[in-house]
Amino acid sequence: MADGRTSGPSSGESLLYLTDEQLRQGIEAMFFAYRGFTADPDRILGDLTYGRAHHRAVHFINRAPGTTVNNLLHILGVTKQSLNRVLRKLMEDGLVESRVGTSDKRERHLHLTDEGRNLEARLSDAQRARMRAAFRDAGPEAVAGFRTVLEAMMDTEMQRTYTKLKESGA
């Protein structure tokens, strides 16, 4: 079949077989989609001399107010040195505040300030608008399939982190 679907010889189930060319096209589509997805926030961040690392930190601090530095390290998968550089800048600029843990004084709990929440809203509003339009154009079945593909591309540890964050409802 022209769409890449073929029936299994004995199972009768429809299986998806993709050629290397089709996979390459999917990889390239993902690269260009990522550029589109990050374009609007990049413009906002560029005006403020921030980068994508700042955006990711602000996003996940907003998703889980009071998250620890160690948890943020785990979610972002970056080095402590690079995260400290990003957090230092965000704190100096009054977007993030670090509070000492109540049960463990060694822990630092991260919170966005009002200014940090405003920046996060501007960044995520731009991405939500782009995603909403794409999802609306693609339709509900495509949206469900897209999520399935994205989740299937995550390794086991990423899936656990993603599921935990998703289930937290934060």
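Residues numbered from 1 in each chain as written. Predicted model: local features only at pLDDT ≥ 70, side-chain atom pairs only at ≥ 80, totals over all residues. Heavy atoms only, no water.

Overview of a nonpolar patch on the surface
Right, on to step 1. Together, Met-30, Met-131, Phe-146, Val-149, Leu-150 and Met-153 make up an exposed nonpolar region whose accessible area comes to about 510 Å².
Right, on to step 2. Considering each element in turn, the nonpolar patch owes the most residues, four residues, to helix α6 (residues 140-153). (Patch = residues over 30% accessible without salt bridge, like charges linked within 9 Å, V, L, I, M, F, W, Y side chains within 5 Å. Areas by Shrake-Rupley, 256 points an atom, 1.4 Å probe, with all protein chains shown as cover. Salt bridge = Lys/Arg side-chain N within 4 Å of Asp/Glu carboxyl O. Helix = DSSP H or I, 4+ residues; strand = E, 2+ residues; numbered from the N terminus.)

As for the sheet that holds strand β3 (residues 67-68)
Right, on to step 1. The three strands lie next to each other as β3-β5-β4, forming an open sheet whose pairing is antiparallel. The open sheet has two free edges, formed respectively by β3 and β4 (96-100), since each of these has just one partner strand.
Right, on to step 2. Judged from the five bridges that link them, β4 and strand β5 (residues 108-112) form a sheet pairing that is antiparallel. From the neighbouring strand, Arg-99 faces β5, where its bridge partner is His-109.
Right, on to step 3. Helix-sheet contacts for helix α4 (residues 80-92) involve β4 and β5, and the interaxial angle to β5 is about 50°. (Pairing = 2+ DSSP bridges. Contact = heavy atoms within 4.5 Å. Axes fitted to C-alpha atoms, helices over the stretch in contact; angles between N-to-C directions.)

Considering the nonpolar core
Right, on to step 1. Counting residues in each nonpolar core, the largest one holds 22 residues, and the members touching the most others are Ile-61, Leu-72, Leu-83, Leu-87, Leu-90, Val-96 and Leu-110.
Right, on to step 2. Of all the elements in the fold, those that place two or more residues in this core are α1 (20-47), α2 (52-63), α3 (69-76), α4, β5 and α5 (114-138).
Right, on to step 3. When neighbours within four sequence positions are excluded, Val-96 is seen to be in contact with Ile-61, Leu-90, Met-91, Leu-110, His-111, Leu-112 and Thr-113. (Core = buried A, V, L, I, M, F, W, Y, C linked by side-chain atoms within 4.5 Å. Buried < 20%, exposed > 50% of the residue type's maximum accessible area, 1.4 Å probe, protein only.)

Description of α3
Right, on to step 1. For α3, the full list of buried residues reads Val-69, Leu-72, Leu-73 and Leu-76. For α3, the arc enclosing every buried residue in end-on projection is 105°, short of the 170-degree limit, so these residues lie on one face.
Right, on to step 2. The inward-facing, buried residues of α3 abut α2, β3, α4 and β5.
Right, on to step 3. Two residues or fewer after α3 comes Gly-77, characterised by a positive phi angle close to 65°. (Arc of directions from axis to C-beta.)

Considering the packing of α2 against α3
Right, on to step 1. Look at α2 against α3: their axes get within 11 Å of each other, and the N-to-C directions meet at 120°. Relative to α3, α2 is oriented oblique. Of the two elements, α2 crosses α3, and the hand of that crossing is right-handed. Across the interface between the two elements, Arg-56, Ala-57, Phe-60 and Ile-61 from α2 touch Leu-72, Ile-75 and Leu-76 from α3.
Right, on to step 2. For the contact of α2 with α3, the class distribution of residues is six nonpolar, no polar and one charged. (Parallel < 35°, antiparallel > 145°, perpendicular 65-115°, else oblique. Left-handed = near helix turned anticlockwise from the far one by under 90°. Nonpolar A, V, L, I, M, F, W, Y, C, P; charged D, E, K, R; others polar.)

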